Amino acid sequence: MALTMPDICGKISYPNIEHSGPRYKKWFEDNLAETYKTEIGGHEVVFLTASDCWALRCSILHLGTDDITGQRAQDVLDKFMFTTLGSHLIRTDKVLTLNTGSFCEEICCTVDKWYQSNKNDNKVKTYIESVVKIHSEAFNPIPGVRIGWSN
């Protein structure tokens, strides 16, 4: 689900960009790119590009795989390895190891930061009102019908 959040935010931020790929990549560049860059020995190292993240999103959502070699948007990586162990942002040749929890948290925190900066924008308010809501308390979808359980 974390990989779809830049899709949603990109749609809200750039409604005039017709296709989801360019919107996703622009939102990534504007909001997430710095998270996946560092300086090592005086040289900038990019662990994850907007194109590779888009390719990962497409590969996981449409094929269920972390191999992105079949994706047109692929930039510098071929594959991702996900772990629940401590390793995160370890790049070996064209394979990037990501800690699943850290990766999801980075995306979610960036989305939250973006939302906090944009929550007073009318187009953001309108769009957020239409997103899927998960009900955790009893509610009445139809007058006289109550969904939920009582103690």
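Attention here is on the structure that accompanies the text. Remember, predicted model here, so these are calculated numbers, not experimental data. (Residues numbered from 1 in each chain as written. Predicted model: local features only at pLDDT ≥ 70, side-chain atom pairs only at ≥ 80, totals over all residues. Heavy atoms only, no water.)

Scanning the chain for helices and strands turns up five helices and seven strands. The order of α-helices and β-strands along the chain, N terminus first, is α-α-β-β-α-β-β-β-α-α-β-β. For the chain, the spread of C-alpha atoms along the principal axes amounts to about 65 × 35 × 30 Å. Split into buried and exposed, the 151 residues of the chain put 33% on the buried side. Looking at the chain as shown, the accessible area adds up to about 9,800 Å², and 53% of this sits on carbon and sulfur atoms. (Helix = DSSP H or I, 4+ residues; strand = E, 2+ residues; numbered from the N terminus. Buried < 20%, exposed > 50% of the residue type's maximum accessible area, 1.4 Å probe, protein only. Areas by Shrake-Rupley, 256 points an atom, 1.4 Å probe, with all protein chains shown as cover.)

Despite not being glycine, leucine 89 shows a phi value in the positive range, around 55°. Considering the arrangement of structural elements, one finds leucine 89 in the loop between β3 (79-83) and β4 (90-92). For aspartate 93, which is not glycine, the phi dihedral falls at a positive 55°.

With that settled, the discussion passes to the packing of helix α2 (residues 20-31) against helix α3 (residues 50-63). It is the contact of α2 with α3, at a shortest axis distance of 9 Å, that shows an interaxial angle of 130°. On the basis of the axis angle, α2 is oblique to α3. Here α2 runs over α3; the crossing is right-handed. Of the residues in α3, those in contact with Ser20, Gly21, Tyr24, Lys25, Phe28 and Glu29 of α2 are Ala50, Ser51, Cys53, Trp54 and Arg57. Along the lines of polarity and charge, the residues of the contact of α2 with α3 split into five nonpolar, three polar and three charged. (Axes fitted to C-alpha atoms, helices over the stretch in contact; angles between N-to-C directions. Parallel < 35°, antiparallel > 145°, perpendicular 65-115°, else oblique. Left-handed = near helix turned anticlockwise from the far one by under 90°. Contact = heavy atoms within 4.5 Å. Nonpolar A, V, L, I, M, F, W, Y, C, P; charged D, E, K, R; others polar.)

Below, the discussion takes up α2. With 12 residues, α2 should cover 16 Å at 1.5 Å per step; its first-to-last C-alpha distance of 16 Å lies within 8% of that length. Contact partners of the buried residues in α2: α1 (5-13), α3 and α4 (100-118). (Expected span 1.5 Å × (residues − 1).)

Moving on: the packing of aromatic side chains. Applying the stated criterion across every chain yields a total of six aromatic pairs. Their ring planes at 55° and their centres at 6.2 Å tell us that tyrosine 36 and phenylalanine 103 sit as a pair that is tilted. A residue pair is termed long-range when its members are at least 10 positions apart, and tyrosine 36 in the loop between α2 and β1 (37-40) and phenylalanine 103 in helix α4 qualify at 67 residues. We classify phenylalanine 103 as buried; its relative accessible area is 2%. Ring plane angle 55° and centroid distance 6.2 Å describe the contact between phenylalanine 82 and phenylalanine 103, whose orientation is recorded as tilted. Pair noted here: phenylalanine 82 is in strand β3 and phenylalanine 103 is in helix α4, with a separation of 21 residues, a long-range link. An aromatic cluster is present here, built from Phe28, Tyr36, Phe80, Phe82 and Phe103 joined pairwise through their rings. (Phe/Tyr/Trp six-rings, centres within 6.5 Å; stacked < 30°, edge-to-face > 60°.)

Reading across from one edge, β3-β5-β4 is the order of the three strands in this open sheet, with mixed pairing throughout. Every other strand in the sheet has two partners, leaving β3 and β4 as the edge strands with one partner each. Taken over all neighbouring pairs, the strand axes of this sheet differ in orientation by 20° on average, direction set aside. As judged from the three bridges shared by β4 and strand β5 (residues 95-99), these two strands associate in the antiparallel manner. Paired with threonine 92 across the bridge in β5 is valine 95. The sheet strands contacting α4 are β3 and β5, and the helix crosses β5 at an angle near 80°. (Pairing = 2+ DSSP bridges.)

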